[in-house]
Amino acid sequence: MAKSGKTEKDLPIAIIGGGPAGLSAAMAAVKKYKNVVIYDKNPQPAKKISAITNGPLMVAEKLEPEGFEEIYGDKYSFIAPALKSYGWKEITAQLKEMGIKVSPNGKKNLSIESKYLKKLGHLFIKSAESEGIVYKKSSRVTDLEISRGKVKSVVVNGITRPVSAVIVACGSYSSPKSGSTKDGYAFAEKAGHEIVKIKPAFVGLETKERYGKILNGVEVRDCLIRVSLDDELQFVDRGKLKFTSYGLSGKIILDNSAKIIELLERGEVKIHMDQVPDLSKFEINKFLNQEFPHTDRTTLFEHLNPYLPDGLLEMMDKIVRVHSSRPVAFLSSLEKKHIMLWLKDFPFTIKGPRPFNETRGVLGGVALDDIDPETMRSNKIKNLYFAGEVLDLLGPWGGYNFEMAFSTGRLAGLSAAADDGAGKKK
Ligand SMILES: Cc1cc2nc3c(=O)[nH]c(=O)nc-3n(C[C@H](O)[C@H](O)[C@H](O)COP(=O)(O)OP(=O)(O)OC[C@H]3O[C@@H](n4cnc5c(N)ncnc54)[C@H](O)[C@@H]3O)c2cc1C
């Protein structure tokens, strides 16, 4: 019998956090257990995903669970049961049921268009309430009261609320301006779980070279980056890069930032940018050193414009000390050497990541070792579950993290509803 006089069976399953993981957990749990409450500290529900203003929210990739093995590496065995029971097809169907349209984005990605994002919070609450879930906004959980290996209650806005089970779906510390906290890590630690140190991910990188003033906003649509650690090549990637006031951003940087941030702990990291990956050094040499007719006044700008953005070419003299208005026919051999280097090997020394407020994910979180992947249940506390980005799981860019939050949330919800916290079926 709980303090309130209610039996454990009458008490709610409390879900801390009403983002994708928390909502998915609640929607699954309420099918089997009628008393489900979501507490979210924000006055605006699903704030993080609703706040995405500059692009669609990618929610999944059309990939069967086996395809995730390469992506998650040694963490695949943890995420596999969740993804196998609830993959992109089920997530798409669930969102459709909630009135949220998911459309293909490219060949493999599925996304929610920006125009729906503003309504997401409203649709989250509407869907929850239509299933009988209580969604409490502006309700911050500050503590878990644990006794004899079980969570007895949660403290919400200073008031103790007895519970039958708790699902921690507080998200990660990414983008704290959208409401993220470190509370989930504190709850996990209190329950005896280890926290893998958190570090920024999906974030721009500050560079020692200061081209920000002249190149801020310039985007190179297709470049190749070679990333080195103490001058030793680590990996290569190709894609879109954007110069910013502080250094580098754009998809290729956001995608690789987590790997680069890990490398930074081991030494000096440089990004060598090949701005014209489709032109070999041989081809560039041949072009620069050909015999031009005396009358040929075609400028560097005109020749390079099909490959490089205007903004970059206009600033060329400030970087390589050769003005792009110079006719190629009149370049000195030293100038040609500088141009070649700049085109094929524009180097940047990485100082570090931008702050957490600019991140779209984090590395680290609640260690996976003490969580049962079949149920998302804590191995330390009988009626405690974890779901979503609070876990030490980070997928690549492209909808993997939303998918992970939704699928682990569902598993946690189903498990919490099927268990009275002592391992017995309700
Ligand atoms: C700018 C940006 C763009 C992104 N784009 C994509 C994308 O396109 N595709 C993709 O897959 N992922 C994307 N992400 C990541 C995605 O938002 C997360 O993976 C996802 O939101 C994680 O869901 P979650 O439910 O685990 O956590 P969250 O969405 O962070 O939800 C956690 C909730 O818990 C609440 N909370 C925290 N502490 C407490 C507490 N103590 N008490 C009560 N409530 C609490 C918070 O208010 C929050 O609502 C993006 C992130 C950002 C910042």
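None of the values given here were measured: they were computed from a predicted structure.

**A short note on the overall build of the protein chain**
Part 1 of the reasoning: The helix and strand tally for the protein chain stands at 16 helices and 21 strands.
Part 2 of the reasoning: The C-alpha extent of the protein chain, read off along each of the three principal axes, is 95 × 40 × 40 Å.
Part 3 of the reasoning: Across the 426 residues that make up the protein chain, the buried fraction comes to 54%.
Part 4 of the reasoning: Here the contacts in the protein chain between residues at least 6 apart in sequence split such that 72% fall between residues at least 24 apart.
Part 5 of the reasoning: A total accessible area of about 19,600 Å² is found for the protein chain, and carbon and sulfur atoms account for 49% of it.
Part 6 of the reasoning: With 64 positive and 52 negative side-chain charges, the protein chain shows a separation of 6 Å between the mean positions of the two kinds.

**Concerning the sheet that holds strand E3 (residues 57-61)**
Part 1 of the reasoning: Strand order across the open sheet formed by 3 strands is E3-E5-E4, with antiparallel pairing between neighbours. Unpaired on one side and paired on the other, E3 and strand E4 (102-105) mark the two borders of the sheet. Between one strand and the next, the sheet's axes are offset by a mean angle of 40°, whatever the strand orientation.
Part 2 of the reasoning: Pairing of E4 with strand E5 (residues 109-112) involves 4 bridges; the strand directions are antiparallel. Bridge pairing in E5 links Val-102 to Ile-112.

**Topic: the environment of Ser-172**
Part 1 of the reasoning: Structurally, the position occupied by Ser-172 is in the loop between strand E10 (165-168) and helix H8 (183-190).
Part 2 of the reasoning: Looking at Ser-172, the relative accessible area reads 1%, which means it is buried.
Part 3 of the reasoning: Through-space distance from the C-alpha of Ser-172 to that of Glu-389 is 5.1 Å; in sequence the pair is 217 residues apart.
Part 4 of the reasoning: When residues no more than four places from it in sequence are discounted, the contact partners of Ser-172 are Lys-48, Ser-180, Thr-181, Tyr-185, Val-362, Glu-389 and Val-390.

**Details of the nonpolar core**
Part 1 of the reasoning: One finds Leu-95, Ile-112, Val-166 and Leu-391 to be the most contacted residues of the largest nonpolar core, which totals 86 residues.
Part 2 of the reasoning: Of all the elements, helix H16 (residues 400-417) adds the most residues to this core, at 9 residues.
Part 3 of the reasoning: In contact with Ile-112, other than residues within four places in its own chain, are Pro-56, Leu-57, Val-59, Leu-95, Ile-100, Lys-101, Val-102, Leu-117 and Leu-120.
Part 4 of the reasoning: Counting residues in each nonpolar core, the second largest holds 44 residues, with Leu-215, Leu-300, Val-320 and Phe-346 among its members.

**Digging into the domain arrangement of the protein chain**
Part 1 of the reasoning: The domain architecture assigned to the protein chain consists of domain 1 (8-201 + 358-417), domain 2 (205-276 + 347-353) and domain 3 (281-345).
Part 2 of the reasoning: Computed over C-alpha atoms, the centres of domain 1 and domain 2 are 31 Å apart.
Part 3 of the reasoning: Taken together, the contact pairs 7 residues of domain 1 with 10 residues of domain 2.
Part 4 of the reasoning: In total, domain 1 and domain 2 occlude about 650 Å² of area from one another, counting both sides; carbon and sulfur atoms represent 64% of this.

**Re the packing of helix H11 (residues 281-288) against helix H15 (residues 333-344)**
Part 1 of the reasoning: Where H11 contacts H15, the two axes come as close as 11 Å, and the packing angle between them is 150°. It follows from the interaxial angle that H11 and H15 lie roughly antiparallel. Of the two elements, H11 crosses H15, and the hand of that crossing is right-handed. Contact with H11, carried on its side by Lys-281, Ile-284, Asn-285 and Leu-288, involves Lys-336, Met-340, Leu-343 and Lys-344 of H15 and no other residues of that element.
Part 2 of the reasoning: Residue composition of the contact of H11 with H15, grouped by class: 4 nonpolar, 1 polar and 3 charged.

**A closer look at the site of the ligand**
Part 1 of the reasoning: What surrounds the ligand is a group of 35 residues, the closest being Asp-40, Met-58, Thr-181, Asp-183 and Glu-389.
Part 2 of the reasoning: Here Asp-40 contributes a side-chain N or O atom positioned 2.6 Å from an oxygen atom of the ligand.
Part 3 of the reasoning: With respect to the ligand, the backbone of Cys-170 contributes an N or O atom lying 3.5 Å from an oxygen atom.
Part 4 of the reasoning: Burial of the ligand by the surrounding chains reaches 96%, relative to a free accessible area of 990 Å².

**Topic: the sheet that holds strand E7 (residues 141-147)**
Part 1 of the reasoning: Pairing is antiparallel in the open sheet, where 3 strands are placed in the order E7-E8-E9. At either end of the open sheet lies a strand with only one pairing partner, and these are E7 and strand E9 (159-162). Each strand axis lies, on average, 30° off the axis of its neighbour in the sheet, ignoring direction.
Part 2 of the reasoning: Of the pairings in the sheet, the one linking E7 to strand E8 (residues 150-156) comprises 6 bridges and is antiparallel in character.

Conventions and cut-offs
Numbering of residues begins from 1 in every chain and follows the order in which that chain's sequence is written. Predicted model: local features are reported for residues with pLDDT of at least 70 only, side-chain atom pairs are reported and counted for 80 or more only, and whole-chain, interface and lining totals are derived from all residues. Hydrogens and water are ignored here; the side-chain numbers use all heavy atoms of the structure. By definition, any uninterrupted DSSP run of H or I lasting at least four residues is a helix, any uninterrupted run of E lasting at least two residues is a strand, and each is numbered from the N terminus. Buried means the residue's accessible area, taken with a 1.4 Å probe over protein chains only, is under 20% of the maximum for its type, while exposed means over 50%, and partly exposed covers the values in between. By definition, residues are in contact when any of their heavy atoms lie within 4.5 Å. Per-residue and other accessible areas follow the Shrake-Rupley method at a 1.4 Å probe size, with only the shown protein chains counted as cover for residues. Note that His is not counted, nor are the chain ends; the positive residues are Lys and Arg, and the negative ones are Asp and Glu. Charge positions are represented by NZ for Lys, CZ for Arg, CG for Asp and CD for Glu. In short, DSSP must find at least two bridges between two strands for them to pair. Angular values range over 0 to 180 degrees, each being the angle between N-to-C directions of two axes fitted as lines to C-alpha atoms, with helices fitted over their stretch in contact. Here, the term nonpolar core denotes a set of buried Ala, Val, Leu, Ile, Met, Phe, Trp, Tyr and Cys residues that are joined through side-chain atoms within 4.5 Å. Those domain boundaries reflect an automatic or database domain assignment. As a working definition, buried area equals the accessible area (1.4 Å probe) given up by two parts on being put together, with both sides summed. When an angle is under 35 degrees it counts as roughly parallel; over 145 it counts as roughly antiparallel; between 65 and 115 it counts as roughly perpendicular; any other value is oblique. The handedness criterion is simple: a crossing whose near helix is rotated anticlockwise from the far helix by less than a right angle is left-handed, and one whose near helix is rotated clockwise is right-handed. Polar here means any residue other than Ala, Val, Leu, Ile, Met, Phe, Trp, Tyr, Cys and Pro, which are nonpolar, and Asp, Glu, Lys and Arg, which are charged; Gly is therefore polar. One heavy atom within 4 Å of a molecule or strand makes the whole residue count as near it. Any pair of nitrogen or oxygen atoms within 3.5 Å is treated as a polar contact; in protein, a donor-acceptor pairing is required on top of that, and neighbouring residues in sequence qualify only through side-chain atoms on both sides.

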